[in-house]
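# Descriptive analysis of the structure
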Amino acid sequence: MERLNTVIQTIASRKTKQRSPLCAYVYDLEGLRAHTASLSAPLPPSVQLFYAVKANADEHILKTVAPHVTGFEVASGGELQKVRRLFSDAPVIFGGPGKTDEELIAALEARVALIHIESLWELQRLSWIAAERQTTARVLLRVNLRQAASGATLHMAGKPTQFGIDERHIAEAIYIALALPSVDLQGFHFHSMSNHTDEQAHLSFIETCLSFVAQAEKTYRRPFSVVNVGGGVGIHYSDPDRPFHWDWFAKELNLLLRRHASRHWTVIFELGRLITAHSGYYAAEVLDLKNNYGTYFAILRGGTHHLRLPAAWKMNHPFLIIPVNEWPYPFDRPSLFNERVTLAGELCTPNDVLARDVPCARLRVGDIVLFRCAGAYGWDISHHDFLSHPHPEFIYLEPST
Ligand SMILES: *Cc1c(COP(=O)(O)O)cnc(C)c1O
C-alpha cells in the first residue's frame, strides 16, 4: 500500500541537491490513487464512498481522489468553493455545525446533493431559505446517538457534544421536517467518532445505524432512502504497518447489509483519515542534538506548526530516519547511538514535540526524520505562521497514468 522506498529515495536525492536544511511534505499521489481505488472496489453497489475534504483539502489530493469516490463531503462554505472550483458537477454533501445563512444559500446554489441538519433551528432556517428561493433542500438529520461505539480516539456522539441532534429530540425533528414545505427528509447521518481501528466494533456501529433507520421507518410509516454512517475509520499510528482490514470489513458489511438493510437504502461513507493518512509524509532535517538533564533532544527544521496532530493528540508520531552521510563542517558531528530521544520542533514552546522519549538506533545532526501517516489532519490542522519560519516545500509524486 505505501511506497515508502520511493518516498525515501525522493527525499534523499532532494537533499543531495541542497545545502540548506530540508523540510517538506511529500504527497504520494500514485499511492493515494491506488489506495482509494482499493477502498471503493470491494464496496457493494448500494454503498457510496465520499471523501471528507477536511482531512486534506490540497487540490492535488482532491483531483487524485475524485475518480475513485462518488463525491465530496464538505463542512464549510470555503470547502464547498474549493470543491466546486475543481468539479462543477461532483455530488457534494454539506455538513458541519454552525452553518450561516450565506453558507446555506451557497449550498443550495451549488446544487449540493444533501445538507446535514445539526439542530431544529437550523432545520427551520434552511426550509425558510429554500422556500424564499422556491426550491427544496434534500436533508439528513444528524443524530447524536445515545449509544455510539467506544474505542475510537475522538467521540462526537454517545455523550454530550456540540454535534448533531440528541436522539431524544429526533422524533420532534422528524415531525418538523415532515411538516416543513421546503425540506425533503431523505434519511439520517450518524458520524460519531474518529480514528476507530476496530473492524468488528465498526460493523456493530453500522448495525446500530441501520436498526435506527429501520425503527424510524416503522414508527413514521414512511420509507427513508439514505443512511450516512459517516467517517471515522482509523489507522494505527503506533504501528503504521498494521492495516485496517478493509477487504474483510467490506465483505462483512455486504453480509450485514443483506441481513439488516432495506433494498431502497443507499448507505454512505464519508471517509477522511483512512483515504489520505498513509499517502502523506513530513520530512524534517535535524538541526541540533543535545542532552539536557539526561534527556536527548533533537531539534528539527519544522515542527508542530506544520504537523500539529501529535501535539493535539499527545501521541508519538510514527517516524523513521533517513541517514544523510555528507557532513560539511570541520568539527565532530553531534550524534547519538541506541538512546531514547525527544523530537522537538523549532518553536519557542515546550509543547512543540512530535515524539517523546522514543528509542533510536542512530541519529545525527543533518539526518532527516521522516514522519509517516501525515496525509490526513497534518498540514491542514496546523498553525503555519507562529514564529514566521518558512513553510515546508510540497513535493508531489505524480500518479502514473
Ligand atoms: C471529519 C468528518 C468526517 C471524516 O472523518 P474521518 O475520521 O477523517 O474519517 C466525516 N464526516 C463528518 C461529519 C466529519 O466531521
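All values reported here derive from a predicted model rather than from experimental measurement. (Residues numbered from 1 in each chain as written. Predicted model: local features only at pLDDT ≥ 70, side-chain atom pairs only at ≥ 80, totals over all residues. Heavy atoms only, no water.)

The interhelical angle for the contact between helix 5 (residues 101–109) and helix 6 (residues 120–132), taken along N-to-C directions, is 55 degrees, at an axis separation of 10 Å. The angle between the axes of helix 5 and helix 6 places the two elements in the oblique class. You can see that helix 5 and helix 6 cross each other, and the crossing is right-handed. Residues Asp101, Leu104, Ile105 and Leu108 of helix 5 form the contact with helix 6, whose participating residues are Arg125, Leu126, Trp128, Ile129 and Ala130. (Axes fitted to C-alpha atoms, helices over the stretch in contact; angles between N-to-C directions. Helix = DSSP H or I, 4+ residues; strand = E, 2+ residues; numbered from the N terminus. Parallel < 35°, antiparallel > 145°, perpendicular 65-115°, else oblique. Left-handed = near helix turned anticlockwise from the far one by under 90°. Contact = heavy atoms within 4.5 Å.)

The subject of this paragraph is the pairing of strand 2 (residues 47–52). Strand 2 sits mainly inside the fold: five of its six residues count as buried. Bridge count between strand 2 and strand 12 (residues 266–271): five bridges; the pairing is parallel. Pairing of Phe50 across the sheet is with Glu270, part of strand 12. Pairing between strand 2 and strand 3 (residues 71–74): three bridges, direction parallel. Residue pairing in the sheet places Tyr51 in a bridge with Phe72 of strand 3. Traced from strand 2 through helix 3 (residues 59–65) to strand 3, the parallel crossover comes out right-handed. (Buried < 20%, exposed > 50% of the residue type's maximum accessible area, 1.4 Å probe, protein only. Pairing = 2+ DSSP bridges. Right-handed = clockwise from strand over helix to strand, strands pointing away.)

Around the ligand, 13 residues are found, and the nearest of them are Lys54, Ser194, Gly232, Glu270 and Tyr377. Interatomic distance of 2.8 Å between a backbone N/O atom of Gly232 and an oxygen atom of the ligand. In this structure, an oxygen atom belonging to the ligand sits 2.8 Å away from a main-chain N or O atom of Arg273. Split by residue class, the shell around the ligand holds three nonpolar, six polar and four charged. (Near = heavy atom within 4 Å. Polar contact = N/O pair within 3.5 Å; in protein donor to acceptor, adjacent residues only side chain to side chain. Nonpolar A, V, L, I, M, F, W, Y, C, P; charged D, E, K, R; others polar.)

Another aspect to go through is the side chain of Arg372. Relative to the helices and strands, Arg372 resides in the loop between strand 18 (368–371) and strand 19 (393–397). For Arg372, a relative accessible area of 7% puts it in the buried group. Aside from chain neighbours lying at most four places away, what touches Arg372 is Glu2, Leu4, Pro240, Asp241, Gly280, Tyr281, His317, Pro318, Phe319 and Leu320.

In this numbering, the UniProt entry assigns the feature "domain: Orn/DAP/Arg decarboxylase 2 N-terminal" (unreviewed entry) to residues 35–277. For the annotated span residues 35–277, helix accounts for 40% and strand for 20% of the residues, and the straight-line distance between the end C-alpha atoms is 11 Å. (UniProt positions renumbered as here; feature names shortened; annotations may be inferred.)

For the rest of this paragraph, the subject is the domain arrangement of the chain. The domains assigned to the chain are domain 1 (2–26 + 278–397) and domain 2 (91–271). Once you take the C-alpha centre of each, domain 1 and domain 2 turn out to be 38 Å apart. Opposite the nine residues of domain 1 that make contact, domain 2 presents seven residues. Summed over both partners, the interface of domain 1 with domain 2 comes to about 780 Å²; 69% of that surface belongs to carbon and sulfur atoms. On the domain 1 side of the interface with domain 2, the three residues burying the most area are His278, Trp313 and Arg372, jointly 58% of the side's total. At the boundary of domain 1 and domain 2, one finds one salt bridge. Across the pair Asp241 and Arg372 runs a salt bridge, and its minimum N-O distance is 2.8 Å. (Domains from an automatic or database assignment. Buried area = accessible area lost by both parts, 1.4 Å probe. Salt bridge = Lys/Arg side-chain N within 4 Å of Asp/Glu carboxyl O.)

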